[in-house]
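One letter stands for each residue in the lines below.
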Amino acid sequence: MKCILKTGWFAVTILVFTACKGQSGNQQPAEAEKTAANQPVGGYCEGCELIYAGMPATMAALDTSVGWAEPGQKLLVRGTVYKRDGKTPAPDVILYYYHTDNNGYYSPGPGMPEKAKRHGHIRGWVKTGADGRYAIYTIRPAPYPNRQAQAHIHPVIKEPDIENEYYIDEWVFDDDPLLTTEIRRKMENRGGNGIMKVRTSGDLQIAERDIILGLNVPDYPQH
Ligand SMILES: [Fe+2]
């Protein structure tokens, strides 16, 4: 999948197409890098390292994105992160998210780390507590202006006991007409299925998204 980045904060306009990360497998490291010794959990993930760009020193289980105060459908995504058994809550897991704005752009914001601008200004982090729970208040992303992809939120996981960060299924919306049968069929179900059913409570849409660490994640270690 390609991302669309709108450069320039006030201005209009240069559209740059850039790879989001490794979901589509359309960018791969050099063969020499793909040795058993350094094969990262989850495989190559282009852009996942931006989890560290601007990461706050402390993170909580609840985050409110800057998008929350912007025009758009208000959205709460919440759930529990479980260990691989699907039952035990996983504490101290960092979940990084980023998504397009209400116009479908990864629009950079003022003060952002330069290298993170490709992820746009609507991004943030949560870190699970003992109960594995997390909650993100944001707005529902718009699909890219060319409408060639379903609206989505990119989630990246960093576990305390795994050296590298890795991506899980994009969070997408079951009621999105761009989420075709073909796309649904091809989803990898990394960390569980990323298709979210949304319910409405007043002005808020609420989506539940539980995550099972390691589920369908290549080279995930046995615990
Ligand atoms: Fe994207």
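Anything mentioned here points back to the structure above.
Every chain's residues receive numbers from 1 upward, in the order its sequence appears when written. Only residues with pLDDT of 70 or above have their local features reported here, since the model is predicted, and side-chain atom pairs are shown and tallied only from 80 upward, although totals for entire chains, interfaces and linings are computed over all residues. Only hydrogens and water are set aside; all other atoms, that is, all heavy atoms of the structure, feed into the side-chain values.

Describing the overall build of the protein
Where helices and strands are cited, they refer to DSSP runs of H or I of at least four residues and of E of at least two residues respectively, numbered from the N terminus. Tallying secondary structure elements over the protein gives one helix and 14 strands in all. Throughout, exposure labels follow a simple rule: accessible area from a 1.4 Å probe, protein chains only, divided by the maximum for the residue type, with under 20% read as buried, over 50% as exposed, and the rest as partly exposed. Residue burial in the protein is summarised as follows: out of 223 residues, 50% are buried. Residue contacts are defined here by distance: any two heavy atoms, one from each residue, within 4.5 Å place the two residues in contact. Long-range pairs, those at least 24 residues apart, make up 70% of the contacts in the protein with a sequence separation of at least 6. Under the convention used here, a 1.4 Å probe and the Shrake-Rupley method define accessible areas, while residue burial counts only the protein chains that appear. Element-wise, carbon and sulfur atoms account for 52% of the exposed surface of the protein, whose accessible area totals about 10600 Å².

Here's the deal with the pattern of salt bridges
Basic side-chain nitrogens of Lys or Arg form a salt bridge, by our definition, when they fall within 4 Å of a carboxyl oxygen of Asp or Glu. By the definition in use, this model includes eight salt bridges. Where Arg118 meets Glu46, a salt bridge forms, and the shortest distance between an N and an O atom there is 3.0 Å. Taken together, the positions of Arg118 in the loop between strand 5 (94-99) and strand 6 (123-127) and Glu46 in the loop between strand 2 (14-19) and strand 3 (62-64) put the pair 72 residues apart, joining distant regions of the chain. The exposure class assigned to Arg118 is buried, which follows from its relative accessible area of 18%. Looking at Glu46, the relative accessible area reads 11%, which means it is buried. Taking the shortest distance from any N to any O, the salt bridge between Arg185 and Glu182 comes out at 2.9 Å. With Arg185 and Glu182 both in helix 1 (residues 181-186) and three residues apart, this pair spans about one turn of that helix. With a relative accessible area of 57%, Arg185 lands in the exposed category. Judged by its relative accessible area of 39%, Glu182 falls in the partly exposed class. One salt-bridge network, held together by shared partners, links Asp174, Arg184 and Lys197.

Here's the deal with the coordination of the iron ion
Those donors, Tyr106 (OH), Tyr144 (OH), His152 (NE2) and His154 (NE2), are the protein atoms that reach the iron ion, and they lie 2.0 to 2.2 Å from it. Counting the intervening residues between successive donors of the iron ion yields the motif Y-x37-Y-x7-H-x1-H. Taken together, the residues Tyr144 in the loop between strand 7 (133-139) and strand 8 (152-158) and His154 in strand 8 connect sequence positions ten residues apart. Counted as donors are N, O and S atoms no farther than 2.8 Å from the metal, or 3.2 Å for Na, K and Ca; water is not among the atoms, and sites may therefore look incomplete.

Observations concerning the nonpolar core
Residues belong to a common nonpolar core when they are buried Ala, Val, Leu, Ile, Met, Phe, Trp, Tyr or Cys residues joined through side-chain atoms within 4.5 Å. Tyr134, Trp171, Ile211 and Leu213 are the most contacted members of the largest nonpolar core, which totals 25 residues. Mapped by element, the contributors of at least two residues to this core are strand 4 (74-82), strand 5, strand 7, strand 8 and strand 10 (171-173). For this core, the element with the most residues is strand 4, which contributes three residues. By size, the runner-up hydrophobic cluster in this structure holds 13 residues, among which are Met59, Ile94, Val156 and Tyr167.

What to know about the packing of aromatic side chains
Ring pairs shown here join Phe, Tyr and Trp side chains whose ring centres sit within 6.5 Å, with only the six-membered ring taken for Trp; geometry is labelled stacked below 30 degrees between planes, edge-to-face above 60, and tilted in between. Within this structure, the stated rule accounts for seven aromatic pairs. Members of the aromatic cluster, each reached through a chain of ring pairs, are Tyr96, Tyr98, Tyr106, Trp125 and Tyr144. Placement of a charge over a ring requires the Lys NZ or Arg CZ to be within 6 Å of the ring centre, with the centre-to-atom vector within 35 degrees of the ring normal. Over the aromatic face of Phe173 sits the side chain of Arg140, whose NZ or CZ is 4.1 Å from the ring centroid.

Comments concerning the pairing of strand 4
Counting buried residues along strand 4, seven of its nine residues qualify, which places the element largely inside the surrounding structure. Bridge analysis of strand 4 against strand 7 gives seven bridges, and the strand direction is antiparallel. Of the residues in strand 7, the one forming a bridge with Arg78 is Ala135. Pairing between two strands is assigned when DSSP locates at least 2 bridges connecting them. Note that strand 4 and strand 13 (residues 204-208) share five bridges and pair parallel. Counted as the bridge partner of Leu75 is Gln205 from strand 13. Pairing between strand 4 and strand 14 (residues 211-212): two bridges, direction parallel. Paired with Val81 across the two strands is Ile211, which belongs to strand 14.

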